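# Structural overview
Single-letter residue listing:
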Amino acid sequence: MGEAILNVLNMMDSVLYYPILIIIMTISGLYFTCRTRFVQLRLFGESCKLLLEPAEDKSGKTVSSFQALMVSTASRVGTGNIVGVSTAICMGGPGAVFWMWVMCIINASSAFMESTLAQIFKKKTDEGSYFGGPAYYIEKALKAPWLSVIFCIFLIATYGFGFNLLCAYNLQSSFETYGFYKNHMVSLLGGEVSVVALIIGVLLTVLVAYFMLGGGRKVVRLTELVVPFMGITYVIISLIVIFVNIKNIPSMFVTIMKDAFDFRSILGGVAGSCMVYGIKRGLYSNEAGVGSAPNASASANVTHPVKQGLVQTLSVYIDTILLCTATALMCLSTGVERSEAVAGAMYVQNAISTVFGKIGPVFITIAMVLFAFTTLLGNLFYVDNALAYLNHKKMPSKKFLDIFHLICAVIIFFGTVIPMDAAWALADITMGGMTIINLPACALMGGIAVKALKDYEKKKKEGSPFTFTGREIGIPEDELDTWK
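Let us look at the structure shown here. Every chain is numbered on its own, with residues counted from 1 as its sequence reads. Only residues with pLDDT of 70 or above have their local features reported here, since the model is predicted, and side-chain atom pairs are shown and tallied only from 80 upward, although totals for entire chains, interfaces and linings are computed over all residues. Water and hydrogen atoms play no part in the side-chain values, which are based on all heavy atoms of the structure.

For an α-helix, 3.6 residues make a turn, and residues three or four places apart therefore share a direction. Numbering of helices and strands starts at the N terminus; helices are DSSP runs of H or I of at least 4 residues and strands are runs of E of at least 2. The span one expects for a helix is its residue count, reduced by one, times 1.5 Å. Taking 1.5 Å per residue as the helical rise, helix 9 (residues 195-213) with its 19 residues ought to reach 27 Å, and the 27 Å between its terminal C-alpha atoms agrees with that figure. Along helix 9, the residues classified as buried are V196, A197, L198, I200, G201, L204, T205, V208, A209 and M212. With a side-chain oxygen lying 3.1 Å from the backbone nitrogen of V196, the N-terminal cap of helix 9 falls on S194. The rule is simple: take the accessible area with a 1.4 Å probe, protein chains only, and divide by the maximum for that residue type; under 20% is buried, over 50% is exposed, in between is partly exposed. The definition of a polar contact used here is a pair of N or O atoms within 3.5 Å, where within protein one atom must be able to donate a hydrogen and the other to accept one, and adjacent residues in sequence count solely through side-chain atom pairs.

Ring pairs are drawn from Phe, Tyr and Trp, using the six-membered ring of Trp, whenever the two centres fall within 6.5 Å, and their geometry is named by plane angle: stacked under 30 degrees, edge-to-face over 60, tilted for the rest. Applying the stated rule across the entire model yields 16 aromatic pairs. Measuring from ring centre to ring centre gives 5.2 Å for F98 and W99, while their planes differ by 80°; the resulting arrangement is edge-to-face. Like W99, F98 is buried. Ring centres 5.7 Å apart and planes at 75° place the aromatic pair F131 and Y136 in the edge-to-face group. Classification of F131 as buried rests on a relative accessible area of 6%. Residue class for Y136 comes out buried when judged on its relative accessible area of 4%. Counting every residue linked through ring pairs, the aromatic cluster contains F98, W99 and F261. Lysine NZ or arginine CZ positioned within 6 Å of the ring centre and within 35 degrees of the ring normal marks a charge as sitting over the ring. The ring centre of Y130 lies 4.0 Å from the NZ or CZ of K122, which sits over that ring.

A few words now on the nonpolar core. Nine residue types can take part in a nonpolar core, namely buried Ala, Val, Leu, Ile, Met, Phe, Trp, Tyr and Cys, and a core is a set of them joined through side-chain atoms within 4.5 Å. Core analysis: the largest hydrophobic core is formed by 147 residues, its most contacted members being I82 and Y234. By residue number, the principal contributor to this core is helix 17 (residues 359-390), which donates 17 residues. Setting aside residues up to four positions removed in sequence, Y234 forms contacts with N81, I82, L323, A326, T327, M330, V348, F363, I364, A367 and F371. C104, A111, A288 and Y317 belong to the second largest nonpolar core, which has six residues in total. Contact between two residues is taken to exist if any of their heavy atoms lie within 4.5 Å; hydrogens are not considered.

Points on a 1 Å grid over protein atoms alone make up a cavity when a 1.4 Å probe fits among them but cannot get out, and a pocket when they form an open set with protein on both sides within 12 Å along at least five of seven lines; lining residues each have an atom within 4 Å of a point. Grid points are joined across faces, edges and corners, and a volume is the space filled by probe spheres set on the points. Roughly 420 Å³ of volume is contained in the second largest pocket. As for the second largest pocket, its lining consists of 20 residues, and the residues nearest its centre are E192, V193, V417, I418 and P419. Contributions of two or more residues to the lining of the second largest pocket are made by helix 8 (145-173), strand 3 (185-188), strand 4 (191-194) and helix 19 (420-444). If you tally residues by element for the lining of the second largest pocket, the top one is strand 4, at four residues. Class assignment for the residues of the lining of the second largest pocket results in eleven nonpolar, five polar and four charged. Under the convention adopted here, Pro, Cys and the residues Ala, Val, Leu, Ile, Met, Phe, Trp and Tyr are nonpolar, Asp, Glu, Lys and Arg are charged, and Gly plus all remaining residues are polar.

Next up on the list: the environment of G335. In this fold, G335 is placed in the loop between helix 15 (305-334) and helix 16 (345-356). Taking relative accessible area as the criterion, G335 reaches 60% and is therefore assigned exposed.

Turning next to the side chain of D384. Within the secondary structure layout, D384 lies in helix 17. No salt bridge is formed by the buried D384, whose closest oppositely charged neighbour, K398, lies at an N-O distance of 11 Å. Counted charges follow a simple rule, with Lys and Arg positive, Asp and Glu negative, and His plus the chain ends left uncounted. Here a salt bridge means any side-chain nitrogen of Lys or Arg lying within 4 Å of a carboxyl oxygen belonging to Asp or Glu.

Below, the structure written as structure tokens:
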């Protein structure tokens with residue numbers, strides 16, 4: 001029975017990504033890139049400057065542009081940067097890295113569009129803070145509240161359940177390299193499960209429940225501190241491994257490019273090719289166009305909606321160009337064996353141990369703990385926005401949120417004991433459902449974001465203050481809760 005369900009999930013996963021999502025993501029990304037005149041590259045320097053702008057509100061009631069970026073980066077930067085990249089290389093081949101890069105650059109424009117739209121159509125609470133996301137701009141601009149409801153259901157399924165199951169699985173898998181992992185096994189759910197995995201599941205459940213019951217503000221403060229530290233440390237360690245193996249770098253890039261353009265192999269089995277694995281794992285890692293980051297973007301208090309759109313493109317680059325590339329080059333430069341048997345954390349741990357010995361795998365485990373924990377908290381931050389939309393656009397009562405967060409925390413436990421294929425397939429399917437709704441919606445509303453971009457660039461050129469109202473780009477005031 002379990003094997004039959006797994007086969008169905010894998011079939012749905014394969015069809016969803018090839019051909020459906022590959023076509024939607026590529027066409028929409030190229031469309032946004034052309035409409036914005038390569039905004040993700042052209043205004044890269046401006047994005048970096050905006051990141052350093054001080055918060056508009058000193059009271060602490062609202063979220064700054066940097067804080068919103070850190071929340072979205074906390075969800076983007078996670079176990080996918082280690083396990084996702086490793087799985088793509090081991091299962092699809094080294095060419096998967098190239099297709100990750102390509103889709104990252106193309107879909108950074110999607111991140112700009114969705115985050116700018118989320119800012120334009122954001123809502124304001126009685127306390128003065130902001131919230132919003134795809135559900136709100138789909139309803140307002142497309143007049144399709146029913147589609148917003150479906151999107152919210154997919155978002156809750158993805159970030160409250162699918163991604164958290166996968167994140168928990170990925171974390172416990174980083175312990176498989178240690179001898180004690182298989183010393184004590186128990187029968188559970190029709191299979192053998194390590195007691196270590198069970199202990200990890202319990203600890204994760206308790207910690208996530210504790211932090212989520214403390215309120216969303218703790219999530220913001222925690223991610224603001226932890227995300228930059230863990231990201232920088234991971235890149236430094238990766239660079240050390242790469243420099244030690246620098247003589248292998250030229251041949252490594254040749255391998256990546258040859259495999260990426262081995263079309264005979266790709267066309268011979270598209271669903272399991274480097275191209276599809278690169279796109280799937282790249283999307284899981286950077287989430288550009290999925291519709292998740294706009295929920296964080298909407299919470300930022302900025303003087304112009306385009307500012308947050310530009311800042312969010314950086315999150316995509318940080319995730320894929322910096323962290324995913326660090327993992328890929330570190331692993332490939334060492335030349336350690338890659339196969340389905342080591343797909344996941346073990347491949348990365350084998351690579352880093354060639355330089356750091358027994359300390360290397362321990363570092364990866366620590367990084368996985370930090371990545372996983374902040375990802376889990378960031379995911380539930382997104383879920384709250386979806387729940388607010390379904391609750392007549394008001395945050396549910398604290399009692400309801402506490403109960404829901406406890407349920408999500410319990411779900412995390414089961415992620416440590418399910419099979420790898422099931423964890424990946426569930427996450428891919430729920431994430432794919434969000435993307436199929438969000439990207440076409442952004443394409444239909446693309447003109448609004450482009451007008452806002454032109455308004456921003458005009459004011460920048462003239463040296464005018466970066467103020468903004470919806471009327472300046474033709475949006476009636478009764479369609480907006482802010483920017484009036």
